Amino acid sequence: MITKFRIEEASAVPEFGMACQRLIPWAGDQPEPPVGAMACFLPAGAASDPDLHDQDEIMIVLSGGGTIELDGDTAEFGAGEMIVLPRNKEHVVRNPLDAPCTWVSFYWPLREPRPGDTTEVRA
């Protein structure tokens, strides 16, 4: 069976100071995957809320561009680039352009470890 979804802002909800569409996991009978994914839609001139989590993350930029601030460092990015965000590093995405910026983020483990959890999941 082929499962497919349309990535679109109309299916997104407000999260992290922008619109986000959860892609993985999805509702169904299949086992929960070890990773999560969501599409992010950041309007022109906007910035995401600061985010910090105990999960590794990659952002694959689909359109637009901007800057990312990661734990005190700043870098520009554009469509067609991938950004690696190590766990436990605060990050903010800024879009100073006149067009929206969109990306898909993959993060793992799917759920943040609970305090005292000794299970280590690393890429």
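Above this text is the structure in question.
Keep in mind the model is a prediction, meaning the values are calculated, not measured. (Residues numbered from 1 in each chain as written. Predicted model: local features only at pLDDT ≥ 70, side-chain atom pairs only at ≥ 80, totals over all residues. Heavy atoms only, no water.)

1. Quick look at the pairing of strand β7 (residues 82-85)
Each regular strand displays side chains that alternate between the two surfaces of the sheet. A one-sided burial pattern is seen for β7, the buried positions being Ile83 and Leu85 and the unburied ones Met82 and Val84. Across four bridges, strand β4 (residues 56-63) lies against β7 in antiparallel orientation. Paired with Glu57 across the bridge in β7 is Leu85. (Buried < 20%, exposed > 50% of the residue type's maximum accessible area, 1.4 Å probe, protein only. Helix = DSSP H or I, 4+ residues; strand = E, 2+ residues; numbered from the N terminus. Pairing = 2+ DSSP bridges.)

2. Quick notes on the sheet that holds strand β9 (residues 101-108)
A sheet is described by the order of its strands in space; here six strands give the open sequence β1-β2-β3-β9-β4-β7, paired in antiparallel fashion. With partners counted over all chains shown, the strands left at the sheet margins are β1 (13-15) and β7, one partner each. The mean angle between the axes of side-by-side strands here comes to 35°, regardless of whether they run parallel or antiparallel. Alignment of strand β3 (residues 36-42) against β9, held across seven bridges, turns out to be antiparallel. Looking across to β9, one finds that Met38 is bridged to Ser105. (Axes fitted to C-alpha atoms, helices over the stretch in contact; angles between N-to-C directions.)

3. Let's talk about the nonpolar core
Ranked by internal contacts, the top residues of the largest apolar core, which has 17 residues, are Met59, Ile68, Phe77, Ile83, Val93 and Trp103. Contributing elements (two or more residues each) for this core: β2 (18-24), β3, β4, β5 (65-70), β7 and β9. (Core = buried A, V, L, I, M, F, W, Y, C linked by side-chain atoms within 4.5 Å.)

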